[in-house]
Amino acid sequence: MDSHAEMIWQRGSARQIMREARKRFEVASQDDLPSAYVALASTHYSLVKRYRGSWPGLVVAAWHVWRAVWNVNCACAVMNGSVSHFSADQVDVITTIWVKTPRWMGGDPVAVISLLNTVLYLNPPPMKPHTRALMLIRLAELETHDDLGDPRNRIEEAEMLIPSIKKEDSEDREQQLVRILFKIGVFYLERHSGIASFTRATDYLDEALSLADRVSKDQAAKIRAYKYVR
């Protein structure tokens, strides 16, 4: 984790974070403009959560969302719709911002479905197992919402990656595993009926909570809220 990422993770000064991000953009854009746009978009989006507590904060959060999606759209415009230039992590940033941003602000879930199908099946870049699993889960969620395709196939494909994720060599392997176990558990609990699906969902949620208690108190609180308030 470099110093800029560490500053974001530890909730450093937003002003300093953005100042550093713009400096990095100026340097990186000279060699790789699309990637520079994606990096700047990621920084804007990383700051959104800290501003949701009050009305003035919501205005700032909306501005960061708008700047995030604007930069993502610029990155894709520079590439004229091609995604072959982007890494798996960059695709994750692009699809996250497009999905989370309202359509009236520039979000585009339809484009996300097309992009995910491309990078998962047609022209896949190198990616870690947890990254592929999260993309599969996101595609399943979108297909469920829009009644497209067979989302269960995507979830089952993500499940098959769990053993590889548990052996993955990455700093945030366990935190990512918590996210994946939780999302798969939620899918089986909310989208399928029957004892088998309920048992499957419960097993995944329990495993996610047990791991989250050790590696991420924030995620543990989120899982408990879902399990016991639902």
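This report concerns the structure included in the present document. Source: prediction; values computed, not measured.

## Brief notes about the overall build of the chain
Thought 1: Helix and strand counts for the chain stand at 12 helices and 0 strands.
Thought 2: In sequence order, the chain lays out its α and β elements as α-α-α-α-α-α-α-α-α-α-α-α.
Thought 3: In terms of overall dimensions, the chain is globule-like: its C-alpha atoms have a radius of gyration of 18 Å, near the 17 Å expected for 230 residues.
Thought 4: Overall, the C-alpha framework of the chain stretches about 55 × 40 × 35 Å when taken along its three principal axes.
Thought 5: Expressed as a percentage of its 230 residues, the buried residues of the chain come to 45%.
Thought 6: Taking contacts inside the chain between residues at least 6 apart in sequence as the whole, the part at least 24 apart equals 57%.
Thought 7: Accessible surface, the chain: about 12700 Å² in total, of which carbon and sulfur atoms supply 53%.
Thought 8: Counting 30 positive and 28 negative side-chain charges, the chain places the centres of these two groups 6 Å from one another.

## Considerations on helix α6 (residues 109-122)
Residues spaced three or four apart along an α-helix point in a common direction, a consequence of the helix completing one turn every 3.6 residues.
Thought 1: The end-to-end C-alpha distance of α6, which contains 14 residues, comes to 19 Å, matching closely the 20 Å that a straight helix rising 1.5 Å per residue would cover.
Thought 2: When α6 is considered as a whole, its buried residues turn out to be Pro-109, Val-112, Ile-113, Leu-115, Leu-116, Thr-118, Val-119 and Leu-120.

## As for the nonpolar core
Thought 1: Membership of the largest hydrophobic core comes to 65 residues, with the highest contact counts inside it found for Phe-86, Ile-94, Trp-98 and Ile-184.
Thought 2: The dominant element in this core, judged by the number of residues it contributes, is helix α10 (residues 173-191), at 10 residues.
Thought 3: In contact with Ile-184, other than residues within four places in its own chain, are Ile-137, Ile-155, Ala-158, Glu-159, Ile-162 and Tyr-204.

## As for the packing of helix α8 (residues 151-160) against α10
Thought 1: Orientation of α8 relative to α10, taken along the N-to-C sense of each, is 145 degrees, at an axis distance of 11 Å. Crossing of α8 over α10 shows left-handed handedness. Of the residues in α10, those touching α8 at Pro-151, Arg-152, Ile-155, Glu-156, Ala-158 and Glu-159 are Ile-184, Phe-187 and Tyr-188.
Thought 2: For the contact of α8 with α10, the residue count by class is 6 nonpolar, no polar and 3 charged.

## Description of the packing of aromatic side chains
Thought 1: For the coordinates displayed, the defined rule picks out 4 aromatic pairs.
Thought 2: Pairing Tyr-37 with Trp-70 gives two aromatic rings, centres 6.3 Å apart and planes at 75 degrees, and the pair type is edge-to-face. Of the two residues, Tyr-37 sits in helix α3 (residues 33-46) while Trp-70 sits in helix α4 (residues 55-78), which places them 33 residues apart along the sequence.
Thought 3: When the ring of Phe-182 is compared with that of Tyr-226, the centres are 5.6 Å apart and the planes differ by 85 degrees; the resulting orientation is edge-to-face. In this pair, Phe-182 sits in helix α10 while Tyr-226 sits in helix α12 (residues 217-229), placing the two residues 44 residues apart along the sequence. Both residues of the pair, Phe-182 and Tyr-226, count as buried.
Thought 4: Following the ring pairs from residue to residue traces out a cluster consisting of Phe-25, Tyr-37 and Trp-70.
Thought 5: A cation over a ring is seen here: Arg-67 above Trp-70, with NZ or CZ 4.5 Å from the ring centre.

## Details of a positive patch on the surface
Thought 1: On the surface, a cluster of positive charge is made up of Lys-49, Arg-52, Lys-100, Arg-179 and Lys-222.
Thought 2: In this structure, Arg-52 sits in the loop between α3 and α4.

## Topic: α4
Thought 1: For α4, with 24 residues, the first-to-last C-alpha span of 35 Å sits near the 34 Å given by 1.5 Å per residue.
Thought 2: Among all positions in α4, only Gly-57, Ala-61, His-64, Val-65, Arg-67, Ala-68, Val-69, Asn-71, Val-72, Cys-74, Ala-75 and Cys-76 are buried.
Thought 3: If you follow the buried residues of α4, they end up packed against α2 (14-28), α3 and α5 (88-100).
Thought 4: Where α4 terminates, the next one or two residues include Asn-80, which has phi positive at roughly 55 degrees.

## Let's talk about a nonpolar patch on the surface
Thought 1: Judged by side-chain polarity, Trp-55, Leu-58 and Val-59 come together as a nonpolar surface patch covering roughly 340 Å² of accessible area.
Thought 2: Among the structural elements, Leu-58 can be located in helix α4.

## What about the pattern of salt bridges?
Thought 1: Applying the stated rule across the entire model yields 10 salt bridges.
Thought 2: Measuring nitrogen to oxygen at the nearest pair gives 3.1 Å for the salt bridge that ties Arg-152 to Glu-156. Of this pair, Arg-152 and Glu-156 both sit in helix α8, 4 residues apart, which is roughly one turn of the helix.
Thought 3: The exposure class of Glu-156 is partly exposed, given its relative accessible area of 31%.
Thought 4: With a closest N to O distance of 3.2 Å, Glu-159 and Arg-200 form a salt bridge. Taken together, the residues Glu-159 in helix α8 and Arg-200 in helix α11 (residues 195-215) connect sequence positions 41 residues apart.

Reading guide: rules and limits
Residues numbered from 1 in each chain as written. Predicted model: local features only at pLDDT ≥ 70, side-chain atom pairs only at ≥ 80, totals over all residues. Heavy atoms only, no water. Helix = DSSP H or I, 4+ residues; strand = E, 2+ residues; numbered from the N terminus. Rg over C-alpha atoms; globule rule 2.2 N^0.38 Å. Buried < 20%, exposed > 50% of the residue type's maximum accessible area, 1.4 Å probe, protein only. Contact = heavy atoms within 4.5 Å. Areas by Shrake-Rupley, 256 points an atom, 1.4 Å probe, with all protein chains shown as cover. Lys, Arg positive; Asp, Glu negative; His and termini not counted. Charge placed at Lys NZ, Arg CZ, Asp CG, Glu CD. Expected span 1.5 Å × (residues − 1). Core = buried A, V, L, I, M, F, W, Y, C linked by side-chain atoms within 4.5 Å. Axes fitted to C-alpha atoms, helices over the stretch in contact; angles between N-to-C directions. Left-handed = near helix turned anticlockwise from the far one by under 90°. Nonpolar A, V, L, I, M, F, W, Y, C, P; charged D, E, K, R; others polar. Phe/Tyr/Trp six-rings, centres within 6.5 Å; stacked < 30°, edge-to-face > 60°. Lys NZ or Arg CZ within 6 Å of the ring centre and 35° of its normal. Patch = residues over 30% accessible without salt bridge, like charges linked within 9 Å, V, L, I, M, F, W, Y side chains within 5 Å. Salt bridge = Lys/Arg side-chain N within 4 Å of Asp/Glu carboxyl O.

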